[in-house]
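# Architecture and fold: a report
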Amino acid sequence: MATLEKIRNKAGLLVGVVGVALFAFIIGDFLRSGSTFFHQSKEKIAIVDGQSINYQDYQKKVDDQLERYKAQRGNASLGEEEQAGIRQQVFEYMVNQILMEKESEEIGFVVSKDEMKDIIMGDHISPMIQQMPDFINPQTQQFDKSQLLQFLQMIETDDLSGYSPEVQMQIQNAKNYWWNVEQSLKQQQLQNKFNTLVGLALVPNSLDAKAAYEESKISVDFDYVSQAYTSVSDDQVSVSDSELKQLYEKRKENCKQEAAKVVSYIAVSIVPSEKDYKEVETHLDEVKPELAEASDVADIVNDNSDVPYLDAFVSASRMEDNMKNFVEKASVGDVDGPALVNDTYYMYKLVAKTQAPDSVRWNQMMLPAGMDDAQIKTLTDSLILVIKGGKPFAEMAQELTNGQMNGDMGWQTEAAITRGADAKFKDVIFNASLNDVFVTKSSLGTHLVQVVEKTKPVEKYKVANIQVAVVPSTETRDHLYTQLAEYVSKNTKLETFKSAASEAGYVCQNGATVYPNQPILPGVNNSRQAIRWALDHKKGAISDIFDCQSHLVVMAMEGSLKEGYCPFNAVSEILKRELINEKKGEKIIADLKSKNLSSMEQYAEAMGSTVQSVKFVTFATPRITGLGTEPVVNAKAPIAEVGQVTAPMAGKNGVYVLKVTDKKESEVPFDAENQKQSLRANNFYRVYQAPQILKEKASVEDNRSRFY
């Protein structure tokens, strides 16, 4: 009983303890699950009108696009700026996709299956598909629908068991690639519909047509004299702070800015030293006798050149100028060089000459891997008999591959075949008799081959080509780094960092603005790391030295710019110049009026100018010869009296006086339909501003700077 009584007395405390424990359990669970929430939040590349773009989805599209670009360029690596450009393209695409789908849903736009079929393989195939290199006929350089249909047939197959794992992977990659293409086509079709809608909304009416006709109806020739505002010194006029602030309020909507950082930086180019050049030249001078005496040059080239030895004959028309000039004058065995061309040393040896076709065209089928020699012979013997029996190679290849390929390899040179397979395979192809069907092997596998065409024989050359690019040595890089590090250690304050640069032999870029998603500093590749540093530091900070491959960069922080309206101080000088010019115009006009001038010659003398002439100016002329864009002249000239000298008028760049010498009125009668057609053409560009307009009206939170 006593125990129960104690429990009753402590009940309030127990409830409190249990409550705290439960709260701790609940909040702990929330925080654990919430970590996923916060993690997901951090993985948002952007939020567009409340809809998120996830980092993984975005990065996958970026990776796909990067691979596509690499494939088109022969798997060449892309620079940082190119990669940033692709990321920007993908970002704009995904933002536009969200906005366009949202807008299309509200309007009721859809893209039907029949529409998609038509723009993919029907009578109105999308230009996007027609421009893809995979579907361009190498002979006609035109879109080949049959190649497209073969590709589509290949990727639509679900049974991949007959293919090697490597080919299966290629087909799967092709399927993924094509899915992205179809999504792009769908969005493009929605965009086209939206553009059409916007275009219909911009249809000019009869009043628009009449106004446009009247603006161009009257054409005038006139003489003019001008006095530039620069002819009056700034100290002859004054601008008050109140006037500046009044103009700032008037121009405020045109003074918007993104959030940004303001920096000063020194970028030191990493270039080879004289010693670096001398070392390469000396080495090649030592190699030259060995190259001249060698009968087998492959190892010498491969051991000493940036490019491997090409065991193939090449026609002079396919050579670079410096090699072409050498082979056309050289005898077999001659060696030339080393010669320096654009930071690369070249040395050549003419190995051999021959008369042979420049290129051949052939059919080919790769035979299945894993077959032994007996199986290959049985298969190829039967295939050769089929072709000799009259069946075209292309037809046979299509039957064996379910229409996926016809075996046509197109026209190729010795060099192309050697690079794609090997030199022995190249020799077999070029030495083969026309239309013979035979089996041969290469480093890629076993092939059934038929050479069908050869070009006429031409002079061809086999050249040992040693080329070595001169690059900065480690010693050179270290020296440049040490010099810059010493400068930074001596100038640790912002002002001295900037002011001491010139004397030390550096150029300091002062007051540069960098933005969160800016890929690189101007002219400095691989400098995104420096921009990321700037985003995380405050005024007065000086960075470590960034190695940007071709440059060493050190940066000092000057400050930050907030998103929104530009601060008054940031634009006051620009506004002040506008007001100064306005007051100079008033002063010049007042001075001229006080002199009671009446002729163009008098005005020319008073304005320190000469009389100039202009012809065929209308109200709608965008730029006037000799004057540029001066709206006040466009407005006044057509309504001025012929032969009368106008009063002085203030323009954008100076004060003008005009005298119309001839005025013509168009004899072409007003044609409302023609005028409307012209206006529609002028409005055409506005249609393609629709995505940007949607983006400006949307809420777009861009978080890319967190990731890149």
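The structure contained in this document is the topic of the report that follows.

Definitions and cut-offs
- Residues numbered from 1 in each chain as written.
- Predicted model: local features only at pLDDT ≥ 70, side-chain atom pairs only at ≥ 80, totals over all residues.
- Heavy atoms only, no water.
- Patch = residues over 30% accessible without salt bridge, like charges linked within 9 Å, V, L, I, M, F, W, Y side chains within 5 Å.
- Areas by Shrake-Rupley, 256 points an atom, 1.4 Å probe, with all protein chains shown as cover.
- Salt bridge = Lys/Arg side-chain N within 4 Å of Asp/Glu carboxyl O.
- Lys, Arg positive; Asp, Glu negative; His and termini not counted.
- Charge placed at Lys NZ, Arg CZ, Asp CG, Glu CD.
- Helix = DSSP H or I, 4+ residues; strand = E, 2+ residues; numbered from the N terminus.
- Buried < 20%, exposed > 50% of the residue type's maximum accessible area, 1.4 Å probe, protein only.
- Pairing = 2+ DSSP bridges.
- Contact = heavy atoms within 4.5 Å.
- Axes fitted to C-alpha atoms, helices over the stretch in contact; angles between N-to-C directions.
- 1 Å grid on protein atoms, 1.4 Å probe; cavity = no way out; pocket = protein on both sides within 12 Å on 5 of 7 lines; lining within 4 Å.
- Points joined across faces, edges and corners; volume = space filled by probe spheres on them.
- Nonpolar A, V, L, I, M, F, W, Y, C, P; charged D, E, K, R; others polar.
- Parallel < 35°, antiparallel > 145°, perpendicular 65-115°, else oblique.
- Left-handed = near helix turned anticlockwise from the far one by under 90°.
- Phe/Tyr/Trp six-rings, centres within 6.5 Å; stacked < 30°, edge-to-face > 60°.
- Expected span 1.5 Å × (residues − 1).

### With respect to a negative patch on the surface
- Together, E290, E293, D296, D299 and D303 make up a region of like negative charge exposed at the surface.
- Counting only elements with at least two residues in the negative patch, the list comes to α11 (274–293) and α12 (298–304).
- One can find D296 in the loop between α11 and α12.

### Section: the pairing of strand β8 (residues 344–357)
- Here β8 lies mainly inside the structure; 10 of its 14 residues are buried.
- As defined by bridge partners, strand β7 (residues 335–341) adjoins β8 across 5 bridges and the pair is classed as antiparallel. Looking at β8, one finds that V335 is bridged to K349.
- Between the end of β7 and the start of β8, which pair antiparallel, lie 2 residues, with N342 showing a positive phi angle near 50°.

### A short note on the sheet that holds strand β5 (residues 260–269)
- Here we have 4 strands laid out as an open sheet, ordered β14-β5-β16-β15, and antiparallel in their pairing. Both edges of this open sheet fall to β14 (508–514) and β15 (546–547), since each of them pairs with a single strand only.
- Examined bridge by bridge, β15 and strand β16 (residues 551–561) share 2 bridges and lie antiparallel to one another. The residue of β16 that forms the bridge with F546 is V553.
- Of the strands in this sheet, β5, β15 and β16 are in contact with helix α18 (residues 474–490), which crosses β16 at around 30°.
- Packed on one face of the sheet, helix α20 (residues 528–535) meets β5, β14, β15 and β16 and runs near 30° to β16.

### Observations concerning empty space enclosed by the protein
- Inspection of the entire model under this criterion finds 1 cavity of 30 Å³ or more.
- Here the largest cavity is characterised by a volume of approximately 30 Å³.
- In terms of residues, the lining of the largest cavity owes the most to one element, helix α8 (residues 165–201), which gives 4 residues.
- Per-class residue counts for the lining of the largest cavity are 1 nonpolar, 3 polar and 2 charged.

### Points about the packing of helix α7 (residues 145–156) against α8
- At their nearest, the axes of α7 and α8 sit 9 Å apart, and the two run at 110° to each other. In this view, α7 runs roughly perpendicular relative to α8, as classed from their interaxial angle. In this structure, the crossing between α7 and α8 has a hand that is left-handed. Only I171, A174, K175, Y177 and W178 of α8 make contact with α7, whose side of the interface consists of L148, F151, L152, M154 and I155.
- Within the contact of α7 with α8, the residues separate by chemical class into 9 nonpolar, no polar and 1 charged.

### What to know about the packing of aromatic side chains
- Inspection of the entire model under this criterion finds 12 aromatic pairs.
- Measuring from ring centre to ring centre gives 5.4 Å for Y487 and Y506, while their planes differ by 75°; the resulting arrangement is edge-to-face. Of the two residues, Y487 sits in helix α18 while Y506 sits in the loop between α19 (494–499) and β14, which places them 19 residues apart along the sequence. Exposure class is identical for Y487 and Y506. Each is buried.

### A look at the environment of Q59
- Position of Q59 relative to the elements: it lies in helix α3 (residues 55–72).
- Residue classification places Q59 among the buried positions, given a relative accessible area of 16%.
- Along the primary structure Q59 and K576 are separated by 517 residues, whereas in three dimensions their C-alpha atoms are 46 Å apart.

### A look at the pattern of salt bridges
- In this structure the tally under the stated criterion is 28 salt bridges.
- Note that K498 is salt-bridged to E495, the shortest N-O span being 3.9 Å. With a gap of 3 residues between them, K498 and E495 both fall in helix α19, about one helical turn apart.
- Connected through shared salt-bridge partners, D221, K615, D662 and K664 make up one network.

### Digging into helix α21 (residues 568–594)
- Its 27 residues place the ends of α21 37 Å apart at the C-alpha level, agreeing with the 39 Å of an ideal helix rising 1.5 Å per residue.
- Those residues of α21 that sit buried are V571, S572, L575, L579, I580, N581, K584, G585, I588, I589 and L592.
- In the core, the buried residues of α21 are packed alongside β3 (218–228), α10 (241–251), α22 (600–607), β19 (649–650) and β20 (654–665).
- Positive phi shows up at N596, right after α21, with a value of about 55°.

### Quick notes on the packing of α10 against α21
- Between α10 and α21, the least distance of the axes is 9 Å, while the angle of their chain directions is 105°. Between α10 and α21, the crossing angle belongs to the class labelled roughly perpendicular. The residues of α21 that touch α10, namely those facing E243, L244, K245, L247, Y248 and R251, are F568, V571, S572, L575, K576, E578, L579 and K583.
- Of the residues belonging to the contact of α10 with α21, the class tally is 7 nonpolar, 1 polar and 6 charged.

### A look at the sheet that holds β7
- Pairing within the open sheet is antiparallel, and its 4 strands lie in the order β6-β13-β8-β7. Unpaired on one side and paired on the other, β6 (314–315) and β7 mark the two borders of the sheet.
- Where β6 meets strand β13 (residues 457–469), 2 bridges bridge the pair, whose relative direction is antiparallel. Residue pairing across strands places V314 opposite Y461, the latter belonging to β13.
- The sheet strands contacting helix α13 (residues 321–329) are β7, β8 and β13, and the helix crosses β8 at an angle near 55°.

### Topic: the layout of surface pockets
- The space that makes up the second largest pocket amounts to roughly 660 Å³.
- E258, N517, E563, V700 and D702 are, among the 18 residues lining the second largest pocket, the residues nearest its centre.
- Elements represented by at least two residues in the lining of the second largest pocket include exactly α4 (80–107), α25 (690–697) and β21 (700–702).
- By residue class, the composition of the lining of the second largest pocket is 6 nonpolar, 4 polar and 8 charged.

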